[in-house]
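Each chain, written out:
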Amino acid sequence: MKRTRFNELHKSLGGKMIEFCGWEMPVEYSGIIPEHMAVRTKAGLFDVSHMGEVLVMGKDALAYVQWLTPNDAAKLEPGQVQYTALMTPEATFVDDMLVYCIGPEEYFLVVNAANVDKDFSWIAGHAKGFAVTVENQSDAYSQVALQGPLAETILQPLTDIDLAAMKSFHWTKGKVVGKDGRVSRTGYTGEDGFEIYTMDPDPGVLWTTIIEKGKPLGLLPIGLGARDTLRLEAKLMLYGNDISDKTTVLEADLKWIVKLPKGDFLGKPVIEKQLAEGLTRKLAGFEMAEPGIARPHYPVFFEGQRVSEVASGTFSPFLKKAIGLVYLPFEATPVGTEFEIEIRSKRTKAKVIPTPFYKRAGKK
Amino acid sequence: MYPNDFRYTKEHEWIKVEGDEALVGITDFAQHQLGDIIFVELPAVGKELAVRQPIGVVESVKSVSDVYAPVPGVVAAVNEELGQTADLLNKDPHGKGWIVRIKIKDKKDLDGLLSAGEYEKFLEGLEH
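Predicted model only: the values in this text are computed from it and were never measured. (Residues numbered from 1 in each chain as written. Chains lettered and ligands numbered in written order. Predicted model: local features only at pLDDT ≥ 70, side-chain atom pairs only at ≥ 80, totals over all residues.)

J.: Help me understand the overall build of chain B, please; the structure alone is not making it clear to me.
T.: Along its length, chain B carries 3 helices and 9 strands. Counting helices and strands in the order they occur from the N terminus, chain B gives β-β-β-α-β-β-β-β-β-α-β-α. Scaling as 2.2 N^0.38, a compact globule of 128 residues should have a C-alpha radius of gyration of about 14 Å, and chain B matches this with 14 Å. Based on the C-alpha atoms only, the size of chain B along its principal axes is roughly 35 × 35 × 20 Å. In chain B, which comprises 128 residues, the proportion classed as buried is 39%. Considering only intrachain contacts with a sequence separation of at least 6, the fraction spanning at least 24 residues in chain B is 65%. (Helix = DSSP H or I, 4+ residues; strand = E, 2+ residues; numbered from the N terminus. Rg over C-alpha atoms; globule rule 2.2 N^0.38 Å. Buried ≥ 20, exposed ≤ 12 C-beta atoms within 10 Å, placed from the backbone. Contact = placed C-beta atoms within 7 Å.)

J.: Would you mind going over the overall build of chain A with me for this structure?
T.: Each helix and strand counted, chain A has 8 helices and 19 strands in total. On C-alpha atoms alone, chain A measures out to a radius of gyration of 20 Å, which is about the 21 Å that the 2.2 N^0.38 rule sets for 364 residues. Taking the principal axes of its C-alpha atoms as reference, chain A extends roughly 60 × 50 × 40 Å. A total of 364 residues make up chain A; the buried ones form 46% of that total. For chain A, restricting intrachain contacts to residue pairs at least 6 apart in sequence, the fraction spanning at least 24 positions comes to 67%.

J.: I'm lost on the sheet that holds strand β4 (residues 52-57) of chain A in this one. Help?
T.: The strands that make up a sheet are held in pairs by hydrogen bonds between backbone atoms, and each pair lies either parallel or antiparallel. Residue and element names in this part refer to chain A. Strand order in the open sheet formed by 5 strands is β5-β6-β7-β4-β8, and the pairing between neighbours is antiparallel. Each edge of the sheet is formed by a strand with only one pairing partner; in this case those strands are β5 (81-87) and β8 (133-136). This sheet shows a mean twist of 30° between the axes of neighbouring strands, independent of strand direction. Where β4 lies against strand β7 (residues 106-111), 6 bridges are found, and the strand directions are antiparallel. Directly across from L55, in β7, lies its bridge partner F108. Relative to the sheet, helix α3 (residues 61-68) contacts β4, β5, β6 (93-103) and β7, its axis offset from that of β4 by approximately 130°. Against the sheet, helix α4 (residues 116-125) engages β4, β5, β6, β7 and β8, with an angle of about 15° to β4. (Pairing = 2+ DSSP bridges. Axes fitted to C-alpha atoms, helices over the stretch in contact; angles between N-to-C directions.)

J.: Would you mind showing me how to read the interface of chain B and chain A here?
T.: Many descriptions give the size of an interface as the accessible area lost when the pieces come together. Each partner contributes residues to the interface: chain B has 9 residues there, and chain A has 12 residues. For the side of chain B that touches chain A, the secondary structure elements donating two or more residues are β4 (37-41) and β6 (54-60) of chain B. Residues of the side of chain B that touches chain A, tallied by class, amount to 5 nonpolar, 1 polar and 3 charged. (Nonpolar A, V, L, I, M, F, W, Y, C, P; charged D, E, K, R; others polar.)

J.: What is the right way to read the pairing of strand β11 (residues 179-184) of chain A from this model?
T.: One face of the sheet, then the other: side chains in a regular strand alternate in exactly this way. Residues and elements named next belong to chain A. By the criterion of burial, β11 is predominantly enclosed, with 5 of the 6 residues buried. Bridge analysis of strand β10 (residues 171-176) against β11 gives 6 bridges, and the strand direction is antiparallel. Each bridged residue has a counterpart across the sheet, and for K173 the counterpart in β11 is R182. Linking β10 to β11, which pair antiparallel, is a turn of 2 residues; within it V177 sits at a positive phi near 45°. Two elements, β11 and strand β12 (residues 193-198), share 3 bridges in a ladder whose sense is antiparallel. When the bridges of β12 are listed, V183 appears paired with I196.

J.: It is not clear to me how the domain arrangement of chain A should be interpreted in this structure. Could you clarify?
T.: Residue and element names in this part refer to chain A. In terms of domains, chain A is made up of domain 1 (7-48 + 141-233), domain 2 (52-138) and domain 3 (280-352). The C-alpha centroid of domain 2 is placed 24 Å from the C-alpha centroid of domain 1. Across the boundary between the two partners, domain 1 contributes 9 residues, which contact 11 residues of domain 2. A per-class count over the side of domain 1 that touches domain 2 returns 5 nonpolar, 4 polar and no charged. (Domains from an automatic or database assignment.)

J.: What's the story with the pairing of β7 of chain A in this structure? I'm lost.
T.: Residue and element names in this part refer to chain A. Here β7 lies mainly inside the structure; 5 of its 6 residues are buried. With 6 bridges connecting them, β6 and β7 associate as antiparallel partners. Each residue of the ladder has a partner; that of Y100, found in β7, is F108. Linking β6 back to β7 in an antiparallel pair, the connection comprises 2 residues.

J.: I keep staring at the nonpolar core and nothing clicks. Help me out?
T.: Among soluble globular proteins, nonpolar side chains are generally buried collectively. Ranked by size, the top nonpolar core spans 130 residues in total, and within it V99, Y107 and L146 of chain A carry the most contacts. The element best represented in this core is β6 of chain A, accounting for 7 residues. (Core = buried A, V, L, I, M, F, W, Y, C linked by C-beta atoms within 7 Å.)

J.: Teacher, can you tell me more about unusual backbone geometry here?
T.: Most peptide bonds take the trans form, and the phi angle of most residues other than glycine is negative. Residues and elements named next belong to chain A. The amide bond that connects T355 to the next residue, P356, takes the cis arrangement and shows omega of 0°. With respect to the helices and strands, the residue P356 is situated in the segment after β19 (346-352). Phi is positive for R344, which is not a glycine, with a value near 50°. For R344, the position within the fold is in the loop between β18 (338-343) and β19.

So this is what it looks like as structure tokens:
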């Protein structure tokens, strides 16, 4: 099993360690519910060093990123970040990812831990005809995410970056606790917060200092368990559950990352066809209308017919109810539609509700 | 920690005999392993239970676990309070967090279960 450079620190904090995508990672420290609530109300620190980082450089870097992704990377100035995807020609997902614009000829792609090798092969495999070099830097990077309403308050004294001046989905170079790195105002929790990337070979002090300074303000270390409940409340996609190489970007309800006027890109013809013909199914958010918690892969029924299985499903610690995401026939996706989920051989009522399930106050 | 008048299973259930009936729940060790419990599915009163038959389901945020009958019997009552306050299993696993009351078929069935001391020794073995 691979270990991040913070592995021993997780164990010393009492982290319950599990295997995740070949990594030994903490699933929880003090409990999923207290950790979840800390991020919603105070702050939480995540080790996300298992994520993958791929650097694309060269005179065709922009054209190349444009070809691989549906969002419009040409809109990015240096210092900006964009959520997008790696598309197959079928307009399904190789992965979802963040693109950091470093400069006009340099883009930094952050991909899921589960997909690093596949993504890198995919990206490098499509480089023919583009003047680019592609480098998998995943092993060199450590990454932590500081998330929650107090994230800026906790991080500001520890960095030379003016955080108040950094807008959402922007990044800059700087020092955090004396370590050189990149800091972006991004995250995967639905809260304000920052992600910090460093190539420092010994970044432990970054983790311990943020924990130490944040603790009096209510910061907790957060494991993968709460990371999953937080991202689901904010309706952020989990590759393998909500999106995959079997689901198209439109079916995943991610039309907002598709920018057709930008020019040709992988999957575009399929997207245009789906737009013209309409979708047969779409990802919808639901809550349980009867007692029970829907879990991934539970069978789903609409009008008596088995239609799919639960993509993501959990108990929402903030909303205190069972929620989830599921692909439903298009006619079943309007808010209020009732359907059934089989929980331990019992068909249990669920209904489509608006998403995101959680939106932080003050966010547009 | 583990009451002396209870018997235990290696699957971390406890049973407390009261006359012809017995209360059944999950141990403190089990609730710790599961984390914050948020939902408990209870059996129907009157249900006949064979040994090791599921008597309920305990769900935490991330996990779903069956609870089994330590001995054969019939469900005499269920802890209705768990419908609203499943976290009683975390807060008071050996008391208010009981799950079902069963009418025991034959008290001899209890003989194969662990004493408090044996259960504690079993747990020590798990931690090493």
